[in-house]
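Structural features, examined
Here are the chains, one letter per residue:
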Amino acid sequence: LALAAFAVYAVPHTIFHALHLEGFRPADAVAQMTGFALQIALLVVLLLTTIRRVSAGSRRDSPARP
């Protein structure tokens, strides 16, 4: 739930900043977007890891089929 809530914040925030880079020097714009990209990449990795763990747990809890 926390990761989903963070995604609701982080994705639009990143898009906003990506569309408003005109006041930055090129190196600053690259640095800023690199930070946002790393943030989104970490979010995706954590979401996928969480989904896999929840999915594996639900398969483990289900009764075996004959």
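Before reading on, note that the structure itself is shown above.
An account of the accompanying structure is given in this report. Please read these numbers as outputs of a predicted model, since none were measured by experiment.

**Description of the overall build of the chain**
Regarding its fold elements, the chain presents two helices and zero strands. Summed over its atoms, the accessible surface of the chain is roughly 5400 Å², and 71% of this surface lies on carbon and sulfur atoms.

**Topic: the packing of aromatic side chains**
Enumeration according to the criterion identifies one aromatic pair in this entry. Here F6 and Y9 contribute two aromatic rings whose centre-to-centre distance is 5.7 Å and whose plane-to-plane angle is 50 degrees, an arrangement assigned as tilted. Of this pair, F6 and Y9 both sit in helix 1 (residues 2-18), three residues apart, roughly one helical turn.

**Topic: a nonpolar patch on the surface**
A grouping of V11, I15 and L19 is seen on the molecular surface, where their side chains present a nonpolar patch of about 280 Å² in accessible area. Topologically, V11 is positioned in helix 1.

**Topic: helix 1**
In this model, helix 1 (17 residues) spans 24 Å end to end at C-alpha, consistent with the 24 Å of a helix rising 1.5 Å per residue. Those residues of helix 1 lying buried are A7, A10, T14 and H17.

**Regarding the pattern of salt bridges**
The tally for this structure, following the rule as stated, stands at one salt bridge. A salt bridge links D28 to R25; the shortest N-O distance between them is 3.3 Å. The exposure class assigned to D28 is partly exposed, which follows from its relative accessible area of 33%.

**A short note on the side chain of T14**
Here T14 lies in helix 1. You can call T14 buried: its relative accessible area is 12%. Side-chain polar atoms of T14 contact the backbone oxygen of A10, separated by 2.8 Å. Once residues lying within four places of it in the same chain are set aside, the contact partners of T14 are M33, F36, Q39 and I40.

Criteria and cut-off values
- Residues numbered from 1 in each chain as written.
- Predicted model: local features only at pLDDT ≥ 70, side-chain atom pairs only at ≥ 80, totals over all residues.
- Heavy atoms only, no water.
- Helix = DSSP H or I, 4+ residues; strand = E, 2+ residues; numbered from the N terminus.
- Areas by Shrake-Rupley, 256 points an atom, 1.4 Å probe, with all protein chains shown as cover.
- Phe/Tyr/Trp six-rings, centres within 6.5 Å; stacked < 30°, edge-to-face > 60°.
- Patch = residues over 30% accessible without salt bridge, like charges linked within 9 Å, V, L, I, M, F, W, Y side chains within 5 Å.
- Salt bridge = Lys/Arg side-chain N within 4 Å of Asp/Glu carboxyl O.
- Expected span 1.5 Å × (residues − 1).
- Buried < 20%, exposed > 50% of the residue type's maximum accessible area, 1.4 Å probe, protein only.
- Polar contact = N/O pair within 3.5 Å; in protein donor to acceptor, adjacent residues only side chain to side chain.
- Contact = heavy atoms within 4.5 Å.

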